[in-house]
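Single-letter residue listing:
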Amino acid sequence: MKIRAKRKPPTLEVLLLPKTKGLTVLTEMIGAAAGVVPAGLKTAMRTSLAGELVLRALTERRTPGIKYVSGDALLALGEDWYKQIEQITKAEPHLLTKTRLDLEPAAIDGRVTLAIDTGESDRVVGCIVLWELERDQNGHMWYELGTFVVVPDHRYGARGPKAMPIADALYRRVLHAHRTKNILGTTTNIHAIHTGQRHGMQMVSFHALPSEVHLATCICPISKTGTSNNAMCRIKDANCRVRVPHATWTRMGSPTRLPYP
Ligand SMILES: CC(C)(COP(=O)(O)OP(=O)(O)OC[C@H]1O[C@@H](n2cnc3c(N)ncnc32)[C@H](O)[C@@H]1OP(=O)(O)O)[C@@H](O)C(=O)NCCC(=O)NCCS
């Protein structure tokens, strides 16, 4: 039996490696357009509008047959997807089950993105949602990345014909579409942490968040935190990590970054 070697996430350089001259020139133009020095090219690719679009196109090319829908296209899709997401989230022990009641307002507000397999009668195979969290002291709303899931047979690590980087494509889409929003993602899932890392998420301390936002995101039960006072949570900044997109990190005043595990 053939055993497939574990694939490592490709770095940006690897993605661009079969460098056509045009692509190299394009990345240099993007760096210049972002007004950064060449050493900052990687950051420029992730943070400039043009760079994000190039990366999005490259990622989505690696998920043939998958359609990504949000906003009006999602609302036009019909209603069956609500049930599908409910079933998918119910089957995942680490996810809160999400029903139509939860999902509909977010979908209308353009904060739900689905991955749909067009080769399987438009079956829902992945999802990511930006949930409203809390306003900071300046009145700016913060959002939390959540309901981030790819069905098992379509995960990158799955063995089989449907294994694709759908999680990456979903992540990239949502960060790009909502780049002007303040976003955070908390998780104890190492795969989700690595996905964020591939997309330039900055790992910060929970204590670097605005206090209202910190309080709003730390609502885990005592069984998980070991305390009824979540300020004393023992897994905070240890097993449980908070990351923010580069744009949010910059707006926060570039707080100290913690190393990725
Ligand atoms: C989190 C989740 C969406 C990630 O899906 P996925 O990226 O397809 O990844 P897999 O779980 O198959 O990843 C397994 C391995 O494949 C490899 N991999 C994944 N995407 C890759 C990519 N684009 N390029 C190269 N390697 C990749 C990595 O080695 C990864 O292991 P690592 O994360 O330790 O580095 C998926 O695991 C899931 O739905 N989990 C259940 C729900 C959940 O817990 N969600 C997170 C809540 S915060």
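This text goes with the structure placed above it.
These remarks concern the structure in this document. (Residues numbered from 1 in each chain as written. Predicted model: local features only at pLDDT ≥ 70, side-chain atom pairs only at ≥ 80, totals over all residues.)

**Some points on the overall build of the chain**
Put simply, the rule reads: Strands here are runs of E lasting at least two residues and helices are runs of H or I lasting at least four, both read from the DSSP assignment and numbered beginning at the N terminus. Note on burial: count the other C-beta atoms lying within 10 Å of the residue's C-beta; 20 or more is buried, 12 or fewer is exposed, in between is partly exposed, and C-beta positions come from the backbone. By the convention adopted here, residues are in contact when the distance between their C-beta atoms, placed from the backbone, does not exceed 7 Å.
Tallying secondary structure elements over the chain gives twelve helices and seven strands in all. Looking at the chain residue by residue over its 261 residues, the buried ones come to 32%. Counted over contacts in the chain with a minimum sequence separation of 6, partners at least 24 positions apart contribute 62%.

**A look at the pairing of strand β3 (residues 123-135)**
Using the following cut-off: For two strands to count as paired, DSSP must find a minimum of two bridges between them.
Relative to β3, strand β2 (residues 112-117) is paired through six bridges, and the arrangement is antiparallel. What sits directly across from Ala-115, in β3, is Gly-126. Two successive antiparallel strands, β3 and strand β4 (residues 141-150), enclose a turn made up of five residues, where Gly-139 displays a positive phi of approximately 85°.

**Describing the site of the ligand**
This is how it is decided: Working rule for contacts: place C-beta from the backbone, and if it is within 6 Å of a molecule or strand, that residue counts as near it. Gly falls in the polar group here, along with every residue not listed as nonpolar (Ala, Val, Leu, Ile, Met, Phe, Trp, Tyr, Cys, Pro) or charged (Asp, Glu, Lys, Arg).
Lining the immediate surroundings of the ligand are 23 residues, of which Arg-155, Tyr-156, Gly-157, Pro-165 and Ala-167 lie closest. Looking at the shell around the ligand, the elements with two or more residues in it are β4, α8 (166-177) and α9 (190-198). Ranked by residue count, the leading element in the shell around the ligand is α9, at five residues. Of the residues belonging to the shell around the ligand, the class tally is eleven nonpolar, seven polar and five charged.

**Regarding the nonpolar core**
To keep it simple, the criterion reads: Nonpolar core, as used here: buried Ala, Val, Leu, Ile, Met, Phe, Trp, Tyr and Cys residues forming one set through C-beta atoms within 7 Å.
Ranked by size, the top nonpolar core spans 42 residues in total, and within it Ala-115, Val-124, Cys-127, Ile-128, Ile-166 and Leu-170 carry the most contacts. Considering each element in turn, this core owes the most residues, seven residues, to α8. Those residues in contact with Ala-115 that lie beyond four places of it in its chain are Ile-66, Tyr-68, Val-125, Gly-126, Ile-166, Ala-169 and Leu-170.

**Regarding the pairing of β4**
Put simply, the rule reads: We call a crossover right-handed when, viewed with the strands running away from us, the connection from the first strand over the helix to the second turns clockwise.
Burial analysis of β4 places eight of its ten residues in the buried class, which makes it a mostly covered element. Judged from the eight bridges that link them, β3 and β4 form a sheet pairing that is antiparallel. In the strand pairing of β4, Arg-135 is matched with Met-141. One ladder, built from three bridges, connects β4 with strand β5 (residues 182-187); its direction is parallel. Across the sheet, Glu-144 pairs through a bridge with Leu-184, a residue of β5. For the segment spanning β4, α8 and β5, crossover handedness is right-handed.

**Concerning the environment of Thr-118**
One can find Thr-118 in the loop between β2 and β3. Spatially, the C-alpha atom of Thr-118 lies 5.5 Å from that of Gly-65, the residues being 53 residues apart in sequence. In this structure Thr-118 touches Gly-65 and Lys-67, once residues within four positions along its chain are discounted.

**Points about the environment of Gln-202**
Its location among the elements puts Gln-202 in strand β6 (residues 202-204). You can call Gln-202 buried: it has 23 C-beta atoms within 10 Å. Each C-alpha atom, one on Gln-202 and one on Thr-256, is 9.3 Å from the other, the two residues being 54 residues apart in sequence. In contact with Gln-202, not counting residues within four places along its chain, are Arg-243, Val-244, His-246, Trp-249 and Arg-257.

**As for the sheet that holds β3**
The condition that has to hold: What counts as an axis is a line fitted to C-alpha atoms, over the stretch in contact for a helix, and the angles between N-to-C directions run from 0 to 180 degrees.
Taken in spatial order, the seven strands of this open sheet run β1-β2-β3-β4-β5-β7-β6, and their pairing is mixed. Every other strand in the sheet has two partners, leaving β1 (66-69) and β6 as the edge strands with one partner each. Adjacent strand axes in the sheet meet at a mean angle of 25° when their direction is disregarded.

**Here we look at the packing of helix α4 (residues 49-61) against α8**
Definition in use: Roughly parallel refers to an angle under 35 degrees, roughly antiparallel to one over 145, roughly perpendicular to one between 65 and 115, and oblique to any angle outside these ranges. If you view the pair so one helix is near and one far, a crossing is left-handed when the near helix is turned anticlockwise from the far one by less than a right angle, and right-handed when it is turned clockwise.
Orientation of α4 relative to α8, taken along the N-to-C sense of each, is 155°, at an axis distance of 9 Å. If you check the angle between α4 and α8, you find them roughly antiparallel. Crossing of α4 over α8 shows left-handed handedness. Along its contact with α4, which presents Glu-52, Leu-55, Arg-56, Thr-59 and Glu-60, the element α8 presents Asp-168, Ala-169, Arg-172, Arg-173 and His-176. Across the contact of α4 with α8, the residue classes tally to two nonpolar, two polar and six charged.

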